[in-house]
Amino acid sequence: MNKKELLQRCRVFEQGYVEVGQLIYDWGNASKGLKETHDAVLALEEEGDQPYLYYEVSAFNYLLSHGLTEAKVLKRLLNKHEETLDIETKQVLTHMMEHPAYWSFFSVVEALDDDFFTIKDLLSGEIHQLYSTRLLSLAKDSDIGNKHFLTLVYSNGECLQTAGVLRFNALPVSDLSFFCSLFHHKADTALNGAMLKDVIKAHYLEFFKLDTISFAPEAIQGDETIKQMWQPFTLKEFDITDLGGEWDTVELGNQIKYNMVEPDETMWSLPKGEFLFSGFLTMEGMLVRDVKTGAMGLSTSTATAYIFNSALLKRSYPNLFLPEKPSVSISIPLASLLMEMDIEVPWSHFKKIIFTPHKALKKLLYGEDSYIVPSDDKTFELTDCPVPSLELQSLFFQPLEESDLFVFDEGPTTLSAFNALTGGKFKDEYFEVGLPTFIEEAFVEYFTHETLSYVLANSFFWILFHTGKDWLNARSYAIEMLKLMPGIILHHYEKPEHFISDFSLFTKKILSTRGMCSLKARPLPYQIEYGLYDIKGSEAFYSLVEGVNA
């Protein structure tokens, strides 16, 4: 077939695909199960940051993934609409029925004339000719052209054509394979087209959270690509001092986390040990241990660090088997996405302690943990508020909804109390996400930085729970928060007074209107600016927060 004939065939199939797509759209929306997910994709627009068209085409793509890939569905559509279809559309539908569409994860080898491309399917390794009027503009974009594409494709008998959304990302096949394994009932199954289709059909909403990292680049440190590497193992007995060097430790329940802060000279001779003193950040590794079960994990960010830390462990525990390569090695964009998803991962057992900052890291990121209260503010200090231990302070970095610090009661009495205080204004939100999440989201929306927001929310809950029965200045709360977590707060505020003013405004504008605390009197503008107005915890708050795991 010459080029002109091939181009004409592609255009006929393109038009036929449009007609078949409409049939699939109508069929999908007539199915209760498919329509629910279709509508759920559209509903993401309410809190999303993409144009409505993105959610519209993504929802349609969901229906295509169920209709265009299944010969039985296409045959049913042909039988139902055969009499009303024109000859060309009928021929296209018949061909698609015999050659259903499939998901292809591919890279562009070469852009040809007239919207033709040579592509490589990254799962099968096969080379194909592809026709797509939508791919050219993406391939020309310097931020997109070198990425990998993920889309439905169908054959017209001579070449492939694309259907639906052309998604893209920089993930290697190994990342996509790992991501799919988290959803698939047979996690050790090699990724192929059938598995990819099954995962996308069954987990469309979760799977295409990949779109949020479409533009994320690889993370590079020196000559190495930064990864999230993980290797589980078990040691019945373990003592961190056996490894040598100095380690920073964090304890959380039955778990301990170890981060090396200072290597010793005996480590030079270990494999890759020469990099310890020239690329320490690249060499950093983390060990976690469940002291009750002996389960452990080694997490590193580079292959070099994994080789070194494996050798370090084997030096002290020669009977320990660790593979040459870690069982998990994924890109930082994917690892960051998984942190935000409620999905089981190989390190889930240690997830909370892994993401609890250790003392050295907190100092590196947020500065010294000290705040000297000025003499003029001494009268505002709350001397009766207990100071949490360092172990408890580590819990201040957790979201309220996952809190190991507070004991919450979200029963009918609590909800009624909050509804009464707020006049039922937030009733739907309370029931939709739960009270801790609703309140936490108010902190995140106002202060914008997630970790800062978690720290402020937990600090406020701590102080209010212990001292909020009495009328106290809002300024006092801000000062106590500065004393508790000065490093991270002053990392985001140039001066303490700026934070005091901002938190005072937040308390008046947000916390009091959402039923968390009561105002003794309506504050004047200057009182809000300096936090010179009295608040105390509401009965609704004490109904919600039953206790503290101190």
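One can find the structure itself at the top, above this paragraph.
Cut-offs used in this document
- Residues numbered from 1 in each chain as written.
- Predicted model: local features only at pLDDT ≥ 70, side-chain atom pairs only at ≥ 80, totals over all residues.
- Heavy atoms only, no water.
- Patch = residues over 30% accessible without salt bridge, like charges linked within 9 Å, V, L, I, M, F, W, Y side chains within 5 Å.
- Areas by Shrake-Rupley, 256 points an atom, 1.4 Å probe, with all protein chains shown as cover.
- Salt bridge = Lys/Arg side-chain N within 4 Å of Asp/Glu carboxyl O.
- Lys, Arg positive; Asp, Glu negative; His and termini not counted.
- Charge placed at Lys NZ, Arg CZ, Asp CG, Glu CD.
- Helix = DSSP H or I, 4+ residues; strand = E, 2+ residues; numbered from the N terminus.
- Buried < 20%, exposed > 50% of the residue type's maximum accessible area, 1.4 Å probe, protein only.
- Pairing = 2+ DSSP bridges.
- Axes fitted to C-alpha atoms, helices over the stretch in contact; angles between N-to-C directions.
- Contact = heavy atoms within 4.5 Å.
- Parallel < 35°, antiparallel > 145°, perpendicular 65-115°, else oblique.
- Left-handed = near helix turned anticlockwise from the far one by under 90°.
- Nonpolar A, V, L, I, M, F, W, Y, C, P; charged D, E, K, R; others polar.

Novice: How should a negative patch on the surface be read in this particular structure?
Specialist: A grouping of E45, E46, E47, D342, E401, E402, D428, E429, E432, E441 and E445 is seen on the molecular surface, where their side chains present a negatively charged patch. Elements represented by at least two residues in the negative patch include exactly α17 (427-433) and α18 (435-447). Counting residues per element, the negative patch draws most heavily on α17, which supplies three residues. With respect to the helices and strands, E45 occurs in the loop between α2 (32-43) and α3 (52-67).

Novice: For this particular structure, what's the right way to read helix α20 (residues 474-484)?
Specialist: Count 3.6 residues to each turn of an α-helix, and residues three or four apart come out pointing the same way. The element α20 is largely enclosed, with a buried count of ten among its eleven residues. Those residues of α20 that fall on the buried side of the exposure criterion are A474, R475, S476, Y477, A478, I479, E480, M481, L482 and L484.

Novice: Would you take a moment to explain the sheet that holds strand β13 (residues 328-331) for this structure?
Specialist: By definition, the strands of a sheet pair up through backbone hydrogen bonds, in either a parallel or an antiparallel sense. On the basis of which strands lie adjacent, the open sheet formed by six strands has the order β9-β10-β11-β12-β8-β13 and antiparallel pairing. Among the strands making up the open sheet, the edge pair consists of β9 (246-252) and β13. Averaged over all pairs of adjacent strands, the angle between their axes in this sheet comes to 20°, without regard to strand direction. Of the pairings in the sheet, the one linking β9 to strand β10 (residues 255-262) comprises seven bridges and is antiparallel in character. Considered in β10, the bridge of L252 is made with Q255. Running at roughly 145° to strand β12 (residues 295-300), helix α11 (residues 303-316) makes contact with β8 (227-234), β9, β10, β11 (285-290) and β12 of the sheet.

Novice: Any chance you could explain the packing of α2 against α3 here in plain terms?
Specialist: Packed helices, taken two at a time, are described by their axes: the angle between them and the distance between them. Between α2 and α3, the shortest axis-to-axis distance is 8 Å and the interhelical angle comes to 160°. Between α2 and α3, the angle is such that the two are roughly antiparallel. With respect to the hand of their crossing, α2 and α3 are arranged in right-handed fashion. On α3, the residues that touch L34, T37, H38, V41 and L42 of α2 are Y52, Y55, E56, S58, A59, F60, Y62, L63 and H66. Split into classes, the residues belonging to the contact of α2 with α3 amount to nine nonpolar, four polar and one charged.

Novice: I would appreciate a short explanation of the pattern of salt bridges in the present structure.
Specialist: Close approach of charged atoms allows side chains with opposite charge to pair. One pass over the full model with this rule turns up twelve salt bridges. As a salt-bridge pair, K201 and E70 come within 2.7 Å of each other at their nearest N and O atoms. Of this pair, K201 sits in helix α8 (residues 193-202) while E70 sits in the loop between α3 and α4 (71-81), and the two are 131 residues apart along the sequence. K201 sits in the buried class, given a relative accessible area of 18%. Residues K483 and E381 are paired through a salt bridge, measuring 2.7 Å at the closest nitrogen-oxygen approach. Remark: E381 occurs in the loop between α14 (359-366) and α15 (390-394) and K483 occurs in helix α20; sequence separation between them is 102 residues.

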